[in-house]
Amino acid sequence: GAGFFIGICFLILFIALIIWLLCCLSLIFKDDYSDKYMLDKTDDTLITDVFIAALFGNDFDVTEDQLNTYANQNFCSTDSDKSNTLEHIRIYFHKDQPSEIYAKIRLYSYELAFYTKAEFSFKDSDNILSIKFSDAKLGELPVPDFILSSILGKISEHQSIISVSGTTISVKATYNYDIADDYTLT
């Protein structure tokens, strides 16, 4: 009768839910970005170029290679035992459209590919670089903003200079040099 029909309906819904979850998991663990988040060129001259420009009061341009090298050296973890870390990152700038960021993250001990569009802004008065993320994907699965906010919070919790607000991260963009009191130029 009616109880049997309701039981079959619940069974069908349960099976559909399991199939949907399995599809989501297969999309999350798909990594079609490995060629995009690995650095093929490095350029570790960013700090030198910034220091020289600051010393002489000159403007400077940051290249993709400089920024990607700096980000990988300073924000990525090589400790494979750590959870909730950024392992690789690569930023692609595009003229007149949002940048793209590809990364490999370790989230709850799982290695996942990550993609997002990003809009960069810089507040000169506070020396804060802000990056607003949109259209994010874990593997091939689109990520809602509230989950993206949680992921950003998790992977930045080990970084003291990064703060997260919604889908925007802010980074203090300063570099301090301490010159010892007994330092003399010769």
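Residues numbered from 1 in each chain as written. Predicted model: local features only at pLDDT ≥ 70, side-chain atom pairs only at ≥ 80, totals over all residues. Heavy atoms only, no water.

The next thing to look at is the pattern of salt bridges. Under the counting rule described, the total for this entry stands at 6 salt bridges. A salt bridge links Asp 135 to Lys 117; the shortest N-O distance between them is 3.5 Å. Within this pair, whereas Asp 135 is found in strand β4 (residues 128-138), its partner Lys 117 is found in strand β3 (residues 110-123), the two being separated by 18 residues in sequence. By relative accessible area, Asp 135 is classed as partly exposed at 48%. A cluster of three or more residues bridged by salt bridges with shared partners is formed by Glu 87, Lys 104, Arg 106 and Glu 111. (Salt bridge = Lys/Arg side-chain N within 4 Å of Asp/Glu carboxyl O. Helix = DSSP H or I, 4+ residues; strand = E, 2+ residues; numbered from the N terminus. Buried < 20%, exposed > 50% of the residue type's maximum accessible area, 1.4 Å probe, protein only.)

This part is about the layout of surface pockets. Its boundaries defined by the atoms lining it, the largest pocket holds a volume of some 1,400 Å³. What lines the largest pocket is a set of 43 residues, and nearest its centre among them are Leu 67, Tyr 70, Leu 129, Val 171 and Ala 173. Those elements that provide at least two residues to the lining of the largest pocket are α3 (46-56), α4 (64-75), β1 (85-92), β2 (99-107), β3, β4, α5 (145-156) and β7 (168-172). Looking at the lining of the largest pocket, its residues break down into 33 nonpolar, 6 polar and 4 charged. Approximately 300 Å³ is the volume found for the second largest pocket. Forming the walls of the second largest pocket are 16 residues, and the residues nearest its centre are Ile 28, Leu 107, Leu 138, Ile 147 and Ile 151. (1 Å grid on protein atoms, 1.4 Å probe; cavity = no way out; pocket = protein on both sides within 12 Å on 5 of 7 lines; lining within 4 Å. Points joined across faces, edges and corners; volume = space filled by probe spheres on them. Nonpolar A, V, L, I, M, F, W, Y, C, P; charged D, E, K, R; others polar.)

Note that β4 and β7 share 5 bridges and pair antiparallel. Residue Leu 129 lies in a different strand from β7, and its bridge partner there is Val 171. Taken together, the 4 bridges between strand β6 (residues 162-165) and β7 define a ladder with antiparallel strand orientation. In the strand pairing of β7, Val 164 is matched with Ile 169. With antiparallel pairing between neighbouring strands as the criterion, β6 and β7 make up a hairpin whose turn holds 2 residues, including Gly 166 at a positive phi of roughly 65°. (Pairing = 2+ DSSP bridges.)

Below, the discussion takes up the nonpolar core. If you look at the biggest cluster of nonpolar residues, it comprises 29 residues, and the most contacted ones within it are Leu 86, Ile 89, Ile 101, Ile 105, Phe 133, Leu 138 and Leu 148. Within the residue set of this core, elements represented by two or more residues are α1 (2-28), α4, β1, β2, β3, β4, α5 and β7. Excluding its chain neighbours within four sequence positions, the residues that come into contact with Leu 138 are Leu 27, Ile 28, Ile 105, Leu 112, Ala 113, Phe 114, Val 143 and Ile 151. Membership of the second largest hydrophobic core comes to 6 residues, among which are Tyr 37, Tyr 92, Ala 113 and Tyr 115. (Core = buried A, V, L, I, M, F, W, Y, C linked by side-chain atoms within 4.5 Å. Contact = heavy atoms within 4.5 Å.)

Attention shifts here to the environment of Phe 75. As for its position among the elements, Phe 75 is in helix α4. Sequence separation between Phe 75 and Glu 119 is 44 residues, and the spatial gap between their C-alpha atoms is 19 Å. Contacts of Phe 75, omitting those with residues within four sequence positions, involve Tyr 70, Leu 86, Gln 159, Ile 161, Ile 162 and Val 171.

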